[in-house]
Amino acid sequence: MIPKIEDLPKLVANTKTNTQKLFTKLKRTQPGSLDTTVQSIHEDVFSEMNCLTCANCCKTTSPIFYQKDIERLSKLFRIKPSQFIQNYLHIDAEQDFVLNVTPCPFLVEDNLCSVYEQRPTACREYPHTNRKRFYQLLDLTQRNTAVCPAAFEIVERLKKNYQNKSH
């Protein structure tokens, strides 16, 4: 069952050690079935969850904005990319463009996105649990479990799947 957002901090804290153990093992072994397994779990979880009921990612974190995202959104707003950057973005410690503020300035009523069709790539792919070479995204996924109830549930189901295989 997908957890409630208010329960997430405690759940993440209680499962952190087991998550780290599994992810260390997955990084080391890189099982060939991992991408297929995670993709299946991702589809199951997102068939049960509507992101519009949560939008915690939009409320608490910023996606990375790539140049193509900046250009696409600048065109939407009919401004120059430099103006879009000046209005909305700054460079973070990792030298990535991110939003100046949270919640996202494009988040509107009913957790809708006012730039949905032109949203950044990172938003399109969030929580990154259906991407190829998932073993490369394990650290990011663990961080995302603290933000996204669906990511948390995907990891919990992944644990059950791999615990069942090891016995």
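See the structure shown above.
The structure displayed is predicted, hence computed values, not measured ones.

A.B. asks: Quick question: what am I supposed to make of the side chain of Thr129 here?
C.D. replies: For Thr129, the position within the fold is in the loop between α6 (121-125) and α7 (138-144). Overall, the relative accessible area of 0% leaves Thr129 in the buried class. Beyond its immediate stretch of four places on either side in the chain, Thr129 contacts Val38, Gln39, His42, Phe46, Phe134, Thr141 and Ile154.

A.B. asks: How should I be thinking about the nonpolar core in this particular structure?
C.D. replies: Generally speaking, a soluble globular protein has its nonpolar side chains buried in company with each other. Judged by nonpolar contacts, the single largest core of 20 residues is most densely connected at Phe23, Leu26, Leu34, Phe134 and Leu158. Going through the elements one at a time, α1 (8-29), α2 (34-48) and α8 (149-165) are the ones with two or more residues in this core. In terms of residue count, α8 provides more of this core than any other element does, 6 residues in total. Among all residues touching Leu26, those that are not within four sequence positions of it are Pro31, Leu34, Tyr135, Leu138, Leu158 and Tyr162. In terms of nonpolar packing, the next biggest core, distinct from the first, is built from 11 residues, Ile70, Leu73, Phe106 and Leu107 among them.

A.B. asks: Explanation requested: the environment of Lys80 in the structure shown.
C.D. replies: Inspection of the secondary structure puts Lys80 in the loop between α4 (67-77) and α5 (81-88). Residue class for Lys80 comes out exposed when judged on its relative accessible area of 63%. Between the C-alpha atoms of Lys80 and Glu117, which are 37 residues apart in sequence, the distance is 19 Å.

Conventions used here
- Residues numbered from 1 in each chain as written.
- Predicted model: local features only at pLDDT ≥ 70, side-chain atom pairs only at ≥ 80, totals over all residues.
- Heavy atoms only, no water.
- Helix = DSSP H or I, 4+ residues; strand = E, 2+ residues; numbered from the N terminus.
- Buried < 20%, exposed > 50% of the residue type's maximum accessible area, 1.4 Å probe, protein only.
- Contact = heavy atoms within 4.5 Å.
- Core = buried A, V, L, I, M, F, W, Y, C linked by side-chain atoms within 4.5 Å.

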